[in-house]
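So you can see what is in the structure, the chains are spelled out below.
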Amino acid sequence: MALLDNIRDLIDMRSFSSVWFWIVLALAWSSASQTIMGAPYDLIVKARRKGGEAAEDLNTIVGIFVRRRLTVVRRAGHWVLGFQVMVLTAVCIMAFGQAIEFAQALFLLFLPLVLTQFLAVRLAFRIEHDNMRDDRLQRALLRHRLLVQLIGVVAIFVTAVWGMLHVMSATVLSL
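Residues numbered from 1 in each chain as written. Predicted model: local features only at pLDDT ≥ 70, side-chain atom pairs only at ≥ 80, totals over all residues. Heavy atoms only, no water.

**Let's talk about a positive patch on the surface**
Moving on, step 1. Judged by side-chain charge, Arg48, Arg122, Arg126, Arg139 and Arg143 come together as a positively charged surface patch.
Moving on, step 2. If you list the elements that add at least two residues to the positive patch, you get α5 (101-130) and α6 (134-173).
Moving on, step 3. By the secondary structure assignment, Arg122 is in helix α5. (Patch = residues over 30% accessible without salt bridge, like charges linked within 9 Å, V, L, I, M, F, W, Y side chains within 5 Å. Areas by Shrake-Rupley, 256 points an atom, 1.4 Å probe, with all protein chains shown as cover. Salt bridge = Lys/Arg side-chain N within 4 Å of Asp/Glu carboxyl O. Lys, Arg positive; Asp, Glu negative; His and termini not counted. Charge placed at Lys NZ, Arg CZ, Asp CG, Glu CD. Helix = DSSP H or I, 4+ residues; strand = E, 2+ residues; numbered from the N terminus.)

**So, the environment of Ile100**
Moving on, step 1. Mapped onto the fold, Ile100 is located in the loop between α4 (52-97) and α5.
Moving on, step 2. Between the C-alpha atoms of Ile100 and Arg14, which are 86 residues apart in sequence, the distance is 9.6 Å.

**Looking at the packing of helix α3 (residues 41-50) against α4**
Each pair of packed helices can be summarised by the angle the axes make with each other and by the distance between the axes.
Moving on, step 1. Where α3 contacts α4, the two axes come as close as 7 Å, and the packing angle between them is 135 degrees. Accordingly, the angle class assigned to the pair α3 and α4 is oblique. For the pair α3 and α4, the sense of crossing is left-handed. Side by side, α3 and α4 meet where Leu43, Ile44, Lys46, Ala47 and Lys50 of the first sit next to Gly52, Ala54, Ala55, Asp57, Leu58 and Ile61 of the second.
Moving on, step 2. Residues that form the contact of α3 with α4 fall into these classes: seven nonpolar, one polar and three charged. (Axes fitted to C-alpha atoms, helices over the stretch in contact; angles between N-to-C directions. Parallel < 35°, antiparallel > 145°, perpendicular 65-115°, else oblique. Left-handed = near helix turned anticlockwise from the far one by under 90°. Contact = heavy atoms within 4.5 Å. Nonpolar A, V, L, I, M, F, W, Y, C, P; charged D, E, K, R; others polar.)

**Comments concerning α4**
Since one α-helical turn is 3.6 residues long, residues separated by three or four positions face the same way.
Moving on, step 1. Spanning 46 residues, α4 covers only 55 Å between terminal C-alpha atoms, well under the ideal 68 Å at 1.5 Å per step.
Moving on, step 2. At Ala76, α4 shows its maximal bend, which comes to roughly 85 degrees.
Moving on, step 3. Among the residues of α4, Ala54, Ala55, Leu58, Asn59, Val62, Gly63, Val66, Leu70, Gly77, Leu88, Val91 and Ala95 are the ones counted as buried.
Moving on, step 4. Directly beyond the C-terminal end of α4, a positive phi value near 60 degrees is found at Ala99. (Expected span 1.5 Å × (residues − 1). Bend = angle between axes of the 7 residues up to and from the residue. Buried < 20%, exposed > 50% of the residue type's maximum accessible area, 1.4 Å probe, protein only.)

Okay, here's the thing in structure tokens:
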């Protein structure tokens, strides 16, 4: 029990009241919605508006990314999934079972990001199976980006509310 208290003291940082946590949260969601399936958003828009060489560049970049992602998934996907679930479960237990603020911040940051990665793998399988190119590919990428942004908005909102409640209760209770 004393070891658990020492660990709690060591990692009991004030994450939700730290500006650095909010900067990391904003940067994580900004980068998650800026590059979709290896392609920058501006290239997707350029390919949609102009077509031609930009569309071929987009097809090539996304094709390479999809092949690389699916190679990893097919070789070690179950191990990666198992490791992610193990880490998220451990962080969740520390966060909400032991009430460690730093673990709560990590869990609220990484759980939605892992969800977006699973959606990206699903989209990669769809792109490969349907052999998506040009207009269909562009629509699928823009739809995926919108979904990532919606998940990001909800995640930021939930994190902000949870963080606000945590900071207010810690301030009132002088913890």
